[in-house]
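Letter by letter, the chains look like this.
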Amino acid sequence: MNNIDKVTLTIPKEKNIALIAHDGKKPDIINWCEEHKDILAKHKLYGTGTTARLITEKTGLTVKGYNSGPLGGDQQIGARIVEGKIDFVIFFTDPLTAAPHDPDVKALLRIVQVYDVPMAINKSSADFIITSSLMDTEYDHDVINFKENISQRVKEMS
Ligand SMILES: O=C(CO)COP(=O)(O)O
């Protein structure tokens, strides 16, 4: 897998942002969303079930909710990244609490890396990322050419 073809994908001006927070960080993400409400309102928002519902109730932002994290919500967001339907992740993680669905969270982090998706994992990184001038523009980036990758693998294995 060393010589992998790349394909240029575009993160659009109106981004598809996933908002996720572990339980201990939910108040922080709600405050953060309130603080950056004007910017967030320009984009399409998604989230794991509880986080999405709380943000909508407390800030009035429209956030489409998937399942709750421990019930597969992180995996659903990972799948949307693979499909190119989510292109940006804000995830307030709690490093001091064990979670039963830690493998799902790790899987999401891996998919974020594979697809070169911008991601913040705490408040300061979220502050930097959301105030970047790139928030207002399209952004081209190179990711693995998944179609070519399958053709190559099939050729190698036939
Ligand atoms: O556990 C989570 C992320 O791993 C978040 O899920 P909820 O938003 O449903 O609490």
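The name given to the protein chain in an unreviewed UniProt entry is Methylglyoxal synthase, with the source organism recorded as Lachnoanaerobaculum gingivalis. Per UniProt, the protein chain has the following entry under Sequence similarities (unreviewed entry): "Belongs to the methylglyoxal synthase family." What the UniProt record of the protein chain gives under Catalytic activity (unreviewed entry) is the line "dihydroxyacetone phosphate = methylglyoxal + phosphate".

Chemist: Talk me through the overall build of the protein chain; I want residue IDs and the actual numbers.
Modeler: Each helix and strand counted, the protein chain has seven helices and seven strands in total. When the helices and strands of the protein chain are read in sequence order from the N terminus, they spell out β-β-α-α-β-α-β-α-β-α-β-α-β-α. Against the compact-globule benchmark of 15 Å for 158 residues, the protein chain has a radius of gyration of 16 Å, which places it among compact chains. Principal axes of the C-alpha set define a box for the protein chain whose edges measure 55 × 35 × 25 Å. Sorting the 158 residues of the protein chain into buried and exposed places 39% on the buried side. A separation threshold of at least 6 residues defines the contact pool for the protein chain, and within that pool the share at least 24 residues apart is 76%. Accessible surface computed for the protein chain: about 9200 Å², of which carbon and sulfur atoms make up 53%. Measuring between centres, the 19 positive side-chain charges of the protein chain sit 3 Å from its 22 negative side-chain charges.

Chemist: Explain the sheet that holds strand 4 (residues 63-65) residue by residue, including any values.
Modeler: Pairing in this open sheet of five strands is parallel, and the strands run 4-3-2-5-6 from one edge to the other. Two strands bound the open sheet, and with one partner strand each, they are strand 4 and strand 6 (119-120). Strand direction decides the pairing type here: strand 5 (residues 88-92) and strand 6, joined by two bridges, are parallel. Looking across to strand 6, one finds that valine 89 is bridged to methionine 119.

Chemist: Please provide a residue-by-residue account of the site of the ligand, values included.
Modeler: Within the structure, the ligand sits among 16 residues, and Lys26, Thr48, Thr51, Ser68 and His101 are positioned closest to it. One of the side-chain N or O atoms of threonine 51 is found 2.5 Å from an oxygen atom in the ligand. Between an oxygen atom of the ligand and a side-chain N or O atom of histidine 101, the distance comes to 2.7 Å. If the ligand stood free it would expose 310 Å²; the protein chains cover 97% of that surface. Sorting the residues of the shell around the ligand by element identifies strand 2 (16-21) and helix 3 (49-59) as the ones contributing at least two each. Top element by residues in the shell around the ligand is helix 3. It accounts for three residues. By residue class, the composition of the shell around the ligand is five nonpolar, eight polar and three charged.

Chemist: Tell me about the UniProt feature "domain: MGS-like" (unreviewed entry) in the protein chain, residues and numbers included.
Modeler: Per the UniProt entry, the sites bearing "domain: MGS-like" (unreviewed entry) are residues 9-158 in this numbering. Structurally, residues 9-158 is divided into 45% helix and 19% strand, and its ends, taken at the C-alpha atoms, are 30 Å apart.

Chemist: Could you give an account of the packing of aromatic side chains, naming the residues involved and the relevant values?
Modeler: Overall, the coordinates contain three aromatic pairs when judged by the stated rule. Aromatic side chains tryptophan 32 and phenylalanine 92 sit 6.0 Å apart centroid to centroid with 55 degrees between the ring planes, which places their arrangement in the tilted category. Taken together, the residues tryptophan 32 in helix 1 (residues 26-35) and phenylalanine 92 in strand 5 connect sequence positions 60 residues apart. An identical accessibility class is assigned to tryptophan 32 and phenylalanine 92; each is buried. Ring plane angle 20 degrees and centroid distance 6.3 Å describe the contact between tyrosine 46 and tyrosine 66, whose orientation is recorded as stacked. Taken together, the residues span a long stretch of sequence, with tyrosine 46 in strand 3 (residues 44-47) and tyrosine 66 in the loop between strand 4 and helix 4 (73-82) at a distance of 20 residues. The class for tyrosine 46 is buried, based on a relative accessible area of 14%.

Basis of the calculations
- Residues numbered from 1 in each chain as written.
- Predicted model: local features only at pLDDT ≥ 70, side-chain atom pairs only at ≥ 80, totals over all residues.
- Heavy atoms only, no water.
- UniProt positions renumbered as here; feature names shortened; annotations may be inferred.
- Helix = DSSP H or I, 4+ residues; strand = E, 2+ residues; numbered from the N terminus.
- Rg over C-alpha atoms; globule rule 2.2 N^0.38 Å.
- Buried < 20%, exposed > 50% of the residue type's maximum accessible area, 1.4 Å probe, protein only.
- Contact = heavy atoms within 4.5 Å.
- Areas by Shrake-Rupley, 256 points an atom, 1.4 Å probe, with all protein chains shown as cover.
- Lys, Arg positive; Asp, Glu negative; His and termini not counted.
- Charge placed at Lys NZ, Arg CZ, Asp CG, Glu CD.
- Pairing = 2+ DSSP bridges.
- Near = heavy atom within 4 Å.
- Polar contact = N/O pair within 3.5 Å; in protein donor to acceptor, adjacent residues only side chain to side chain.
- Nonpolar A, V, L, I, M, F, W, Y, C, P; charged D, E, K, R; others polar.
- Phe/Tyr/Trp six-rings, centres within 6.5 Å; stacked < 30°, edge-to-face > 60°.

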